Every structure is written in C-alpha cells, then in structure tokens.
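Below are the chains, spelled out letter by letter.
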Amino acid sequence: ADFDEGGTKSSTSSLPNPTNRTFRHALLKRYYRNVDKMSAPAVSAPGSGKKAVHVKWAGKTIALGTFPSAEADEKCQKAKALTRAWRSTMRPKPSREWVMLELERLGVRVVSGR
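Residues numbered from 1 in each chain as written. Predicted model: local features only at pLDDT ≥ 70, side-chain atom pairs only at ≥ 80, totals over all residues. Heavy atoms only, no water.

Q: How should the environment of Pro94 be read in this particular structure?
A: One can find Pro94 in the loop between helix H2 (69–89) and helix H3 (96–105). Leave out the neighbours within four places in its chain, and Pro94 touches Trp57 and Val99. (Helix = DSSP H or I, 4+ residues; strand = E, 2+ residues; numbered from the N terminus. Contact = heavy atoms within 4.5 Å.)

Here it is as structure tokens:
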C-alpha cells in the first residue's frame, strides 16, 4: 500500500484498475446511458442516410424505428414533445406499454408486423 507524508494510505492505490473488465463495463454502461440522455438519433448504417430513433420513458428506451435523416429528426422532436407533455400533465403516470401504443397510434412509432 502507498502512504503519503502523514502516514495515511494514499488514495491512488484505491483507484480502479482500467484494465479490469468490470471497470471497463461500468465505464461503457455510463457512456451509453449518457449517450441515450442526449437523445441524438444514432446513425444506423454508414452511408445509408437512415437513423435509428428512440425516446426514454420510465428509465427505459422505446425504439421508434429507423427513418431517413430528415424524417428521423422530425419523429424525434415529436416524440420528445409528446412524452414531455405526458410526463408533466398525466397523473398517474402512464405505463411504458401505454406510451408505446399511443406513439404507434399517432404514427410516431413504426413497428413492422403490426
């Protein structure tokens, strides 16, 4: 163990090892959680011009679909506005299932096979 001049244990020895698999996993998890909060649509495939769009509800991600770039931005803005309004006005808070079905009914969420 490392000790400083005062004889107390140095804090550097308690730092997590960046090569530790659990530490890397925690960092990646935190990174992707922050990326989701930014709510920028992710590019689905390089050169395709399409984006995957999603919105958060009750700590979970709801996929809206993959759309051409301009349409994706529009869907993202509409979904964010709707969920923000529902979050602030509806009591009790709607379930995630209700939100998904309502987004589908309004044409914001597109699900193949339904």
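Now that the structure has been shown, the text picks up again.
Q: Is there a simple way to think about the packing of H2 against H3 in this case?
A: Each pair of packed helices can be summarised by the angle the axes make with each other and by the distance between the axes. At a closest axis distance of 12 Å, the pairing of H2 and H3 adopts a crossing angle of 135 degrees. In terms of orientation, H2 lies oblique with respect to H3. Of the two elements, H2 crosses H3, and the hand of that crossing is right-handed. Of the residues in H3, those touching H2 at Ala79, Leu82, Thr83 and Trp86 are Trp98, Val99, Glu102 and Leu103. (Axes fitted to C-alpha atoms, helices over the stretch in contact; angles between N-to-C directions. Parallel < 35°, antiparallel > 145°, perpendicular 65-115°, else oblique. Left-handed = near helix turned anticlockwise from the far one by under 90°.)

Q: I tried to follow the pattern of salt bridges on my own but got confused; where do I start?
A: Where charged atoms from two side chains of opposite charge approach closely, those side chains can pair. What the rule picks out here adds up to three salt bridges. A salt bridge links Asp73 to Lys51; the shortest N-O distance between them is 3.5 Å. Here Asp73 is found in helix H2, whereas its partner Lys51 is found in strand S2 (residues 50–57), with 22 residues between them in sequence. Judged by its relative accessible area of 33%, Asp73 falls in the partly exposed class. The buried category is assigned to Lys51, whose relative accessible area is 18%. (Salt bridge = Lys/Arg side-chain N within 4 Å of Asp/Glu carboxyl O. Buried < 20%, exposed > 50% of the residue type's maximum accessible area, 1.4 Å probe, protein only.)

Q: Which parts of the structure should I look at to understand the pairing of strand S3 (residues 60–68)?
A: Look at any regular strand and the pattern is simple: side chains alternate between the two faces of the sheet. In this sheet, S3 lies alongside S2 in antiparallel orientation, the contact comprising eight bridges. When the bridges of S3 are listed, His54 appears paired with Ala63. Following S2, the chain reverses through two residues before pairing antiparallel with S3; Ala58 in that reversal takes a positive phi of roughly 55 degrees. (Pairing = 2+ DSSP bridges.)

Q: I'm lost on H3 in this one. Help?
A: Every α-helical turn comprises 3.6 residues, leaving residues that sit three or four positions apart pointing alike. Those residues of H3 lying buried are Val99, Met100, Glu102, Leu103 and Glu104. Turning to H3, the residues buried within the fold contact S2, S3 and H2. One or two steps after H3, the chain reaches Gly107, where phi turns positive at roughly 80 degrees.

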